[in-house]
Number of protein chains: 2
Amino acid sequence: CILSAYIMNETYSLLFKRLESSCRLFFSHDPVKIMRARGQYLYDENGMQYLDCISNVQHVGHCHPSITQAAAAQMDLLYSNTRFLHDNIVLYANRLAATLPKKLCVFYFVNSGSEANDLALRLARQYTRHQDVIVLDYAYHGHLTSLIDISPYKFRKLEGQKEGVHVAPLPDTYHGIYREDHLDPGQAYADTVKSLIEEAHKKGRKISSFFAESLPSVGGQIIFPTGYCKRVAESVHEAGGVYVADEIQTGFGRVGSHFWAFQLQGEDFCPDIVTMGKPMGNGHPIACVATTEEIADAFTANGVEYFNTFGGNPVSCAIGLAVLDVIEKEDLRGNAVRVGGHLKQLLLQLQTKHPLVGDVRGVGLFIGMELVKDRVSRKPATEEAAHLVRRLKEERIVISTDGPWDSVIKFKPPMCFSIEDAERVSTCIDQILGGWLTLKNTSSLQHSFPFDEIYI
Amino acid sequence: CILSAYIMNETYSLLFKRLESSCRLFFSHDPVKIMRARGQYLYDENGMQYLDCISNVQHVGHCHPSITQAAAAQMDLLYSNTRFLHDNIVLYANRLAATLPKKLCVFYFVNSGSEANDLALRLARQYTRHQDVIVLDYAYHGHLTSLIDISPYKFRKLEGQKEGVHVAPLPDTYHGIYREDHLDPGQAYADTVKSLIEEAHKKGRKISSFFAESLPSVGGQIIFPTGYCKRVAESVHEAGGVYVADEIQTGFGRVGSHFWAFQLQGEDFCPDIVTMGKPMGNGHPIACVATTEEIADAFTANGVEYFNTFGGNPVSCAIGLAVLDVIEKEDLRGNAVRVGGHLKQLLLQLQTKHPLVGDVRGVGLFIGMELVKDRVSRKPATEEAAHLVRRLKEERIVISTDGPWDSVIKFKPPMCFSIEDAERVSTCIDQILGGWLTLKNTSSLQHSFPFDEIYI
């Protein structure tokens, strides 16, 4: 039931029409509402518990008391803007700086990942004096005018590809042009970016930036092949552009072994701009852009102020600091390594049992399990993925899909997800997929799905 | 001292460099920091109290306990996103709808005024299928790429005016092309917009929207002449465009007599899109776009979802609801009428005494007092305004300037500003301006200003 909460476009705007109509629409589909949440668990109006496998924003767990306490204490003292001096912003910038390579030492605080990515674009363009952007196929970088232009996931359905935007192939070694059997897919995919730059140059265009999530999410929980980022950065720098790492979904220790997902690519790779957001405030609207002194200096050289009314206010920074404290105190990165590793092993075991499971990939608590119609063609099993999500919902497990064909079951739970949670979800998936095998033998799989009732 | 907190551009980015350097820069200029605030008062680290005349974001008063309580209670229950159903968003939309004309019945919740204005642009462009925008001179609509393009206040210092942007004269009857002696300045200024549209049409361009603050703020606390908006809306509609009222600084009862500043233009005027922000969450990052069903339907007709991670979450909406409750319970609109009216009268009395005071204008607690070198040329008294701000700071009154020449002393205090506060600030201004007359007679006014110490 809860998954009817994944409101589709049409109902989404209706929701905001005056109460009478929105209520009618709301509850006619589904009367279940989530009333409260704690840790990795959601509770509906009857107190029924659901396991949450997807709320990456509520990074240290839903409604963590330390975060609420820090917010309330600071709200009672001062909730002004950054035109008044305050220690919190400096303390917070310093804490963030400690997680990043030294050269990323200037921080701009904003209110959302979209605001962060828009500012990153402005920084890149002002520093390089170039306009064009290279993005990965299927990428989504935010809901703002400037970001829809660089989000193939969106612009393909809207106004189309703008002249200054160049789309590089997604380095997906399961579905892409170079696969797991390639000797050096990192080099091969990086070469596609290099070629794109050369083509752009032939047309007289100039590259401001390569803009990519450090682990493409909407693209299908993709893990970059070894060496990819470093080689892309080399080509982009050679073209006078900068490397922007969008860590909005992937930062703050989700990958476990490192604080930032770009760090998986090794110490010899460092982006020029890093954007962060979703998990940063555990639900509170806060986001940030980290960059180098050179880029920040170029941005401010014209004497035009960047001011953000709410960005970096004492409450947002107090919350940000409290989130960092909990990540450390509760060893949530260690937990991501342990629980994520165990979950991935369990899913890999399912892969050996169930032909539907084509691929299992991920690091820490960022995991994707891709369903395929068959393992040779790798044809995405979109309907099966939707049905699995729906069946898991009946088992009170909240999960969803991603990827170009919505065939990837994605896991990005609150970081307090436990070994028991991992075993519960994998056991449920095992049973559901096992049941399908029986179903498949007795009747048409297609026929058994009441699709008109699925609201994903 | 506190006003060194109005950090200029260069120091703003330095601030975010690692602690060592940012601290050095910070406290070398000025060791005073604001540690807490309550109502209309700010307190520094020594407990010294300052009267706050400018924090319009902290609308119902700094750190109002009702707001903190509402936030903490909801943070303890649920701080999820709008992909889960929740009552708060529906309750809040309904409460906002009650303040607006009936046709504005669809609400999109976002995190900042900038996000709201960007979405308004997207709505206008998608609905009209036109691209061009008419804006008022000196306008500022936000820090995003798309908004700098339509903000003359910014783009004049940056990349310049883009082709699809048309700048109409600011309907300023004190400095503008039609003044207080004109028989119908509302019509005359509206005609300038009409002419702009005709010129654009001659070039084959099409107008998506007229985009204006309902009371231009950065433009100098301007009050539109009677009939202006209605006539502009007629021309814009005729051209197939929509009227966007930016109420980010002016909404939520600041003008006292009405909930929205556009309502000052009469009941026969209604914008097609209204954006709101700053005061909405009393400091918390929340903003909103209200529009008509027709525009919302056109926006969603292509089946592309608008999703905003933090926008409309249960905590933001709980805070928004609490702000509305306080506005009503404490009759803050009535207070704006009473105190704002009294303050304006006091400032008008100063105008009769001090030649420097060229104009006093405003409604409710949105007031501007413009300083001029002399009343015939109306030459802006920029340095005198900066000095007045600095002197008031010494009297522990926090105020600032606005307008194209920073010659307008602006009042937009928390809405709990009292009669006593109004009398205190006007008495201080009276004494400071009185002292200057003496100064002027004995030595050069210019000479008496240590400008290099002013950080505004």
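Residues numbered from 1 in each chain as written. Chains lettered and ligands numbered in written order. Predicted model: local features only at pLDDT ≥ 70, side-chain atom pairs only at ≥ 80, totals over all residues. Heavy atoms only, no water.

> Explain the overall build of chain A residue by residue, including any values.
Secondary structure assignment for chain A yields 14 helices and 15 strands. Counting the 456 residues in chain A, one finds 66% classified as buried. Taking as baseline every contact in chain A between residues at least 6 positions apart, the subset at least 24 positions apart corresponds to 71%. Of the accessible surface of chain A, which amounts to about 15700 Å², a share of 51% is contributed by carbon and sulfur atoms. (Helix = DSSP H or I, 4+ residues; strand = E, 2+ residues; numbered from the N terminus. Buried < 20%, exposed > 50% of the residue type's maximum accessible area, 1.4 Å probe, protein only. Contact = heavy atoms within 4.5 Å. Areas by Shrake-Rupley, 256 points an atom, 1.4 Å probe, with all protein chains shown as cover.)

> Just give me the short version of the packing of aromatic side chains, but keep the residues and values in it.
Residue and element names in this part refer to chain A. One pass over the structure, following the stated rule, counts 30 aromatic pairs over all chains. With centroids separated by 5.4 Å and ring planes inclined at 25°, the aromatic side chains of Tyr92 and Phe109 adopt a geometry described as stacked. Of this pair, Tyr92 sits in helix α4 (residues 87-97) while Phe109 sits in strand β4 (residues 106-110); the two residues are 17 residues apart in sequence, bridging distant segments of the chain. On the basis of relative accessibility, which here comes to 0%, the residue Tyr92 falls in the buried class. (Phe/Tyr/Trp six-rings, centres within 6.5 Å; stacked < 30°, edge-to-face > 60°.)

> Outline the sheet that holds strand β15 (residues 408-411) of chain A, listing residues and values.
Residue and element names in this part refer to chain A. Taken together, four strands build an open sheet; the order of strands is β11-β12-β15-β14 and the sheet is antiparallel. The sheet is open, and its two edges are formed by β11 (357-363) and β14 (400-402), each paired on a single side. Each adjacent strand pair in this sheet contributes to an overall mean axis angle of 30°, direction not counted. In this sheet, strand β12 (residues 366-371) lies alongside β11 in antiparallel orientation, the contact comprising six bridges. When the sheet's bridge partners are listed, Val363 is paired in β12 with Phe366. In this fold helix α12 (residues 332-353) packs onto β11, β12 and β15, with an angle of close to 170° to the strand it touches most, β11. Against the sheet, helix α13 (residues 382-394) touches β12, β14 and β15, its axis set at about 125° to β12. (Pairing = 2+ DSSP bridges. Axes fitted to C-alpha atoms, helices over the stretch in contact; angles between N-to-C directions.)

> Lay out helix α11 (residues 314-329) of chain A with the relevant residues and their values.
All names here are of chain A. Between its first and last C-alpha atoms α11 spans 22 Å; for 16 residues at 1.5 Å apiece the expected length is 22 Å, and the two agree. Most of α11 is tucked away: 13 of the 16 residues are buried. The N-cap of α11, judged by a side-chain oxygen 2.9 Å from the amide nitrogen of Val315 a few residues on, is Asn313. Immediately downstream of α11, the backbone of Asp331 shows phi near 45°, a positive value. (Expected span 1.5 Å × (residues − 1). Polar contact = N/O pair within 3.5 Å; in protein donor to acceptor, adjacent residues only side chain to side chain.)

> Residue-level account of helix α10 (residues 293-300) of chain B, with values.
Buried residues of α10(B): Ile295(B), Ala296(B), Phe299(B) and Thr300(B), and no others. Each buried residue of α10(B) sits inside an arc of 125° when the element is viewed along its axis, so together they form one side. (Arc of directions from axis to C-beta.)

> Can you explain the pairing of strand β9 (residues 273-276) of chain B? Please cite residues and give values.
All names here are of chain B. In β9, alternate side chains face the same way, and those of Ile273 and Thr275 on one face and Val274 and Met276 on the other are all buried. Pairing of strand β8 (residues 242-246) with β9, which is carried by three bridges, proceeds in the parallel orientation. Counted as the bridge partner of Val244 is Ile273 from β9. Two elements, β9 and strand β10 (residues 287-291), share four bridges in a ladder whose sense is antiparallel. For Thr275, the partnering residue across the bridge sits in β10 and is Val289.

> Can you lay out the pattern of salt bridges for me, pointing to particular residues and giving the numbers?
Once their charged atoms are close, side chains differing in charge can pair, the charge on each being opposite to the other. Residue and element names in this part refer to chain A. For the structure on display, the rule yields 45 salt bridges over all chains. Salt-bridge contacts for Glu163 lead to Arg205; the nearest nitrogen and oxygen are separated by 3.5 Å. One end of the pair, Glu163, is in the loop between α7 (152-155) and β6 (165-168); the other, Arg205, is in the loop between α8 (185-202) and β7 (207-213), with 42 residues separating them in the sequence. The class of Arg205 is partly exposed, set by a relative accessible area of 22%. (Salt bridge = Lys/Arg side-chain N within 4 Å of Asp/Glu carboxyl O.)

> A description of the pairing of strand β5 (residues 132-136) of chain A should follow, citing residues and the corresponding values.
Residue and element names in this part refer to chain A. Across the five residues of β5, five count as buried, placing the element largely inside the fold. Residues Asp132, Ile134 and Leu136 of β5 are buried on one face, and the alternating residues Val133 and Val135, pointing to the opposite face, are buried as well. Both β5 and β7 contribute to a ladder of four bridges, which runs parallel. Note on β7: the bridge partner recorded for Val135 is Phe211.

> Which residues make up the side chain of Ser217(B), and what values go with them?
Of note, Ser217(B) is situated in the loop between β7 (207-213) and α9 (228-238). Ser217(B) sits in the buried class, given a relative accessible area of 0%.

> Tell me about the packing of helix α4 (residues 87-97) of chain B against helix α11 (residues 314-329) of chain B, residues and numbers included.
All names here are of chain B. In contact at an axis separation of 9 Å, α4 and α11 are set at 35° when each is read in the N-to-C sense. Taken as a pair, α4 and α11 cross one another with a handedness that is left-handed. In contact with Asn88, Ile89, Leu91, Tyr92, Arg95 and Leu96 of α4, α11 contributes Pro314, Cys317, Ala318, Gly320, Leu321, Leu324, Asp325 and Glu328. (Left-handed = near helix turned anticlockwise from the far one by under 90°.)

> So, the sheet that holds strand β3 (residues 49-52) of chain B: which residues are in play, and what are the values?
All names here are of chain B. Spatial strand order, β1-β2-β3-β13: four strands in an open sheet with mixed pairing. Across the chains shown, the open sheet's two edge strands, defined by having one partner strand only, are β1 (34-38) and β13 (397-398). By the bridge criterion, three bridges tie strand β2 (residues 41-44) to β3 in an arrangement that is antiparallel. Counted as the bridge partner of Leu42 is Tyr50 from β3.

> Before we move on, can you summarise the packing of helix α3 (residues 65-77) of chain B against α11(B) with the specific residues and values?
All names here are of chain B. Running from amino to carboxyl end, α3 crosses α11 at an angle of 155°, the nearest separation of the two axes being 9 Å. Put simply, α3 runs roughly antiparallel to α11. The hand of the α3/α11 crossing is right-handed. For the pair α3 and α11, contact is made by Ser66, Ile67, Ala70, Ala71, Gln74 and Met75 and by Pro314, Val315, Ala318, Ile319, Ala322, Val323 and Val326, respectively. When the residues that make up the contact of α3 with α11 are grouped by side-chain class, the tally is eleven nonpolar, two polar and no charged. (Parallel < 35°, antiparallel > 145°, perpendicular 65-115°, else oblique. Nonpolar A, V, L, I, M, F, W, Y, C, P; charged D, E, K, R; others polar.)

> Kindly report on the confidence of the model for chain A, identifying the contributing residues and their values.
Put simply, chain A has an average pLDDT of 89, and 89% of its residues get 70 or more. For residues 440-456 of chain A, every residue scores under 50 in pLDDT, and the model assigns this stretch 24 contacts once sequence neighbours within four places are set aside. (pLDDT = per-residue confidence, 0-100.)

> Run through the environment of Gly227(B), naming residues and quoting values.
Its place among the elements puts Gly227(B) in the loop between β7 and α9. Since its relative accessible area comes to 17%, Gly227(B) is described here as buried.

> Before we move on, can you summarise the environment of Gly219(A) with the specific residues and values?
In this fold, Gly219(A) is placed in the loop between β7 and α9 (228-238). Spatially, the C-alpha atom of Gly219(A) lies 5.2 Å from that of Tyr138(A), the residues being 81 residues apart in sequence.

> Any chance you could break down the environment of Gly320(B) for me, citing the residues and the numbers?
Residue and element names in this part refer to chain B. Summarising the element assignment, Gly320 is placed in helix α11. Along the primary structure Gly320 and Ile89 are separated by 231 residues, whereas in three dimensions their C-alpha atoms are 9.5 Å apart. What Gly320 contacts, discounting residues up to four positions off in sequence, is Tyr92 and Met280.

> Could you give an account of the side chain of His64(B), naming the residues involved and the relevant values?
All names here are of chain B. By the element assignment, His64 lies in the loop between β3 and α3. According to the relative accessible area criterion, His64 is buried, its value standing at 11%. Ignoring anything within four residues of it in the chain, the contact list for His64 reads Asn282, Val326 and Glu330.

> Which residues make up the state of the cysteines, and what values go with them?
All names here are of chain B. One pass over the structure, following the stated rule, counts zero disulfides over all chains. Cys428 supplies the cysteine sulfur nearest to Cys53, a cysteine that is in no disulfide, at a spacing of 9.5 Å. Judged by relative accessible area, which is 0%, Cys53 ranks as buried. (Disulfide = S-S within 2.5 Å.)

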